[in-house]
Amino acid sequence: MKTYLECFPCFLRQALHLAKICGLDEAKQKKIIDHTGSLFAQIDLNATSPEIAYFIHHELKKFLGKDDPYEQTKEKNVAEALKLLPVLNSHLLSAANPLHTATRLAIAGNVIDLGAQESFDLTKEIESVLTADFAIDDFTSFAADLAKAKNIVYLGDNTGEGVFDKLFIEQINKPLIYATREKPIINDITIKWAKKIGLHTVCTVVSSGAKTPGTVPKQCSREFQQTLTNADIIISKGQGNYEALSDTSLPIYFFLKAKCQVMADHIGVPLGSYLLIKNQKSNL
């Protein structure tokens, strides 16, 4: 998926949010905004949004002298998600179709996204996702393909979301590879956080090698590129992974919420829609 001009205000918003997280005063916040704006001339609109986001955040981290300014935010996101585990497990225990419920809960976790939005209500999101009509819902096809799949790859997205991912993987109860980012970007999940959440106890956790906030295949390690090629089914979480992979022919099911108008317009759904999308370019 290409980058649109409407994405540029979002990059500025992310920069301002980063400056506030770092506790900078208004004058220094202005310097961050100015620096971000100066980077726009170097941006190629044919690049994906995750590639551009990596470029901007990498430059901002150098400017700030901080390797992972979102560390405390990730701590908070994970803690909030863990507090909801009794509620999540209760929904699964009472579900007529636990896999269907687990799938919806996994998508609810995708609201924890500091790239697309700065605030969210997880409790409200859970209540909504369990009863909402999905704008695109390929669950029946997904369940059938998942049942026969032997090589399953799960592309993680945001750190707090990993708590929801773990519940979903436990429900699948099949071996799979869970891929994280190589290094901290925004609040994206890394191996360090996957292990803190306990994902390594229910699946094989690896780094994709990608430093972008989305799994851009050419940015991944050669080993992980082969992992993607060998997959029977790929579960892709979040907008960043959709932006990076929607033009590929990989056997992907996209789990996400359309959290910005650019994404909603690109897919052709209302803003805020829940989505489970089969990649029509694949041979699934």
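What counts, and where the lines are drawn
Residues numbered from 1 in each chain as written. Predicted model: local features only at pLDDT ≥ 70, side-chain atom pairs only at ≥ 80, totals over all residues. Heavy atoms only, no water. Core = buried A, V, L, I, M, F, W, Y, C linked by side-chain atoms within 4.5 Å. Buried < 20%, exposed > 50% of the residue type's maximum accessible area, 1.4 Å probe, protein only. Contact = heavy atoms within 4.5 Å. Helix = DSSP H or I, 4+ residues; strand = E, 2+ residues; numbered from the N terminus. Axes fitted to C-alpha atoms, helices over the stretch in contact; angles between N-to-C directions. Parallel < 35°, antiparallel > 145°, perpendicular 65-115°, else oblique. Left-handed = near helix turned anticlockwise from the far one by under 90°. Nonpolar A, V, L, I, M, F, W, Y, C, P; charged D, E, K, R; others polar. Phe/Tyr/Trp six-rings, centres within 6.5 Å; stacked < 30°, edge-to-face > 60°. Expected span 1.5 Å × (residues − 1). 1 Å grid on protein atoms, 1.4 Å probe; cavity = no way out; pocket = protein on both sides within 12 Å on 5 of 7 lines; lining within 4 Å. Points joined across faces, edges and corners; volume = space filled by probe spheres on them.

Chemist: Looking at this structure, I do not really get the nonpolar core. What am I missing?
Modeler: For soluble globular proteins, nonpolar side chains are generally found buried alongside one another. Within the largest apolar cluster, 46 residues are counted, with the highest numbers of intra-cluster contacts made by Ile-56, Leu-155, Ile-234, Tyr-242, Leu-256 and Ile-267. Beyond its immediate stretch of four places on either side in the chain, Leu-155 contacts Ala-179, Thr-215, Phe-224, Leu-228, Ile-234, Ile-235, Ser-236, Lys-237, Asn-241 and Leu-245. Ranked by size, the runner-up nonpolar core spans 45 residues in total, among them Leu-88, Ile-126, Leu-199 and Cys-203.

Chemist: Can you walk me through the environment of Lys-74 in this structure?
Modeler: Residue position: Lys-74 is located in helix H4 (residues 71-83). Note: C-alpha distance between Lys-74 and Ile-177 (103 residues apart in sequence) is 22 Å. If we skip the residues at most four places from it in the chain, Lys-74 touches Asp-68, Thr-159, Pro-184, Ile-186, Asn-187, Asp-188 and Trp-193.

Chemist: Would you mind showing me how to read the packing of helix H5 (residues 85-93) against helix H9 (residues 161-172) here?
Modeler: The interhelical angle for the contact between H5 and H9, taken along N-to-C directions, is 30 degrees, at an axis separation of 11 Å. When the interaxial angle is binned, H5 and H9 end up roughly parallel. The chirality of how H5 crosses H9 is right-handed. Here H5 contributes Leu-85, Leu-88, Asn-89 and Leu-92 to the contact with H9, which in turn contributes Val-163, Phe-164, Leu-167 and Gln-171. In terms of residue class, the contact of H5 with H9 is made up of six nonpolar, two polar and no charged.

Chemist: Just checking my understanding: could you explain the packing of aromatic side chains for this structure?
Modeler: Each aromatic ring pair is described using two quantities: the centre-to-centre distance and the angle formed by the ring planes. Under the definition given, this model contains 11 aromatic pairs. On the numbers, 5.3 Å between centres and 75 degrees between planes, the contact of Phe-142 with Phe-255 is edge-to-face. Taken as a pair, Phe-142 in helix H8 (residues 139-148) and Phe-255 in strand E6 (residues 252-257) lie far apart in primary sequence, 113 residues in all. Taking the relative accessible area as the measure of exposure, Phe-142 reaches 0% and is therefore buried. On the basis of relative accessible area, Phe-255 is assigned to the buried category, the value being 0%. On the basis of an interplanar angle of 25 degrees and a centroid distance of 5.3 Å, the ring pair of Tyr-154 and Tyr-178 is categorised as stacked. Remark: Tyr-178 occurs in strand E3 (residues 177-180) and Tyr-154 occurs in strand E2 (residues 152-155); sequence separation between them is 24 residues. The exposure classification of Tyr-154 matches that of Tyr-178, with both residues buried.

Chemist: In this structure, what is going on with H9? I would like to understand it.
Modeler: Since the α-helix turns once every 3.6 residues, residues separated by three or four places project in the same direction. Helix length check: H9 (12 residues) gives 17 Å between terminal C-alpha atoms against 16 Å at 1.5 Å per residue, within 8%. Judged by how many residues are buried, H9 sits mostly within the fold: 10 of 12 residues are covered. Listing the buried residues of H9 in full gives Glu-161, Gly-162, Val-163, Phe-164, Asp-165, Lys-166, Leu-167, Phe-168, Ile-169 and Ile-172.

Chemist: Even after reading the chapter, I still don't get empty space enclosed by the protein, so can you show me in this structure?
Modeler: Tallied over the full model, the rule gives one cavity of 30 Å³ or more. Here the largest cavity is characterised by a volume of approximately 30 Å³. Forming the walls of the largest cavity are Leu-88, Leu-92, Ala-102, Leu-105, Ala-106, Phe-164, Leu-167 and Phe-168. Of all the elements in the fold, those that place two or more residues in the lining of the largest cavity are H5, helix H6 (98-108) and H9. A per-class count over the lining of the largest cavity returns eight nonpolar, no polar and no charged.

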